Amino acid sequence: MTEQIPAAERYREITARATTAAQQLRKHERERADELGEAVAAGKQRREAADEQREKVFDDVRKRWNAAMEALWNERWMRVTSMPDPDRKAAPSTPDDSRRDVQQAYMAFYNALEKPRFAASLRPRRKKDS
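Summarised in this report is the structure supplied together with it. (Residues numbered from 1 in each chain as written. Predicted model: local features only at pLDDT ≥ 70, side-chain atom pairs only at ≥ 80, totals over all residues. Heavy atoms only, no water.)

The next point concerns the overall build of the protein chain. Counting secondary structure elements, the protein chain contains two helices and zero strands. For the protein chain, buried positions account for 5% of its 130 residues. Taking the intrachain contacts of the protein chain between residues at least 6 apart in sequence as the baseline, contacts between residues at least 24 apart amount to 67%. Here the protein chain has roughly 12600 Å² of accessible surface; of this, 53% comes from carbon and sulfur atoms. (Helix = DSSP H or I, 4+ residues; strand = E, 2+ residues; numbered from the N terminus. Buried < 20%, exposed > 50% of the residue type's maximum accessible area, 1.4 Å probe, protein only. Contact = heavy atoms within 4.5 Å. Areas by Shrake-Rupley, 256 points an atom, 1.4 Å probe, with all protein chains shown as cover.)

When the charged atoms of two side chains lie near each other, side chains of opposite charge can form a pair. In total, this model carries nine salt bridges according to the counting rule given. Note that Lys56 and Glu52 form a salt bridge whose closest N and O atoms lie 3.8 Å from each other. Taken together, the positions of Lys56 and Glu52, both in helix H1 (residues 7–71) and four residues apart, correspond to about one turn of that helix. Judged by its relative accessible area of 42%, Lys56 is partly exposed. Here Asp96 and Arg99 are joined by a salt bridge, their closest N and O atoms 2.8 Å apart. Taken as a pair, Asp96 and Arg99 lie in helix H2 (residues 95–114) at a separation of three residues, close to a single helical turn. Classification of Asp96 as partly exposed rests on a relative accessible area of 46%. (Salt bridge = Lys/Arg side-chain N within 4 Å of Asp/Glu carboxyl O.)

Moving on: the environment of Leu113. As for its placement among the helices and strands, Leu113 is situated in helix H2. Leu113 sits in the partly exposed class, given a relative accessible area of 25%. Here Leu113 is in contact with Ala71 and Leu72, once residues within four sequence places are set aside.

To continue, consider H1. Taking 1.5 Å of rise per residue, the 65 residues of H1 would be expected to cover 96 Å, and the 94 Å separating its terminal C-alpha atoms lies within 8% of that figure. For H1, the complete set of buried residues consists of Val57, Ala68 and Met69. On the buried face of H1, the contacting elements are H2. (Expected span 1.5 Å × (residues − 1).)

A cluster of nonpolar side chains, namely Trp77, Met78 and Val80, defines an oily patch on the protein surface of about 340 Å² accessible area. Summarising the element assignment, Met78 is placed in the loop between H1 and H2. (Patch = residues over 30% accessible without salt bridge, like charges linked within 9 Å, V, L, I, M, F, W, Y side chains within 5 Å.)

Moving on: the packing of aromatic side chains. A complete count under the given rule lists two aromatic pairs for this structure. Summarising the aromatic geometry, the rings of Tyr106 and Phe109 are spaced 6.4 Å apart at their centres and angled 40 degrees between planes, so their arrangement reads as tilted. Of this pair, Tyr106 and Phe109 both sit in helix H2, separated by three residues, roughly a single helical turn. An aromatic cluster is present here, built from Tyr106, Phe109 and Tyr110 joined pairwise through their rings. The positively charged end of Arg64 is found above the aromatic ring belonging to Tyr106, 6.0 Å away from the centroid. (Phe/Tyr/Trp six-rings, centres within 6.5 Å; stacked < 30°, edge-to-face > 60°. Lys NZ or Arg CZ within 6 Å of the ring centre and 35° of its normal.)

Right, here's the structure in full:
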């Protein structure tokens, strides 16, 4: 026949298992909380770095826009507006690529302003005094 274990002994065994399980669960939860805390801190750092990069790009764009508006100040025929909103449909790019693209566009604009505005054949001819 099977021996019966006294209830007190069985109770101690069950409570010991429950205590061990609870300790393991607390240890696991502490480790997981530490991991999540590190992940949150890393995410916060990445977000701050991204915000800083975004501000740098925005400042570069604003500087180029203001310079372009100054260059067009004497062009009264042209309607000068405030800086347009970002194009949400534009292809994603890195901050460095964005700044490079804005610089290239600004230089193309600046070079276009330096070119003669009228072709030689379209300029009014001077009348020769004879």
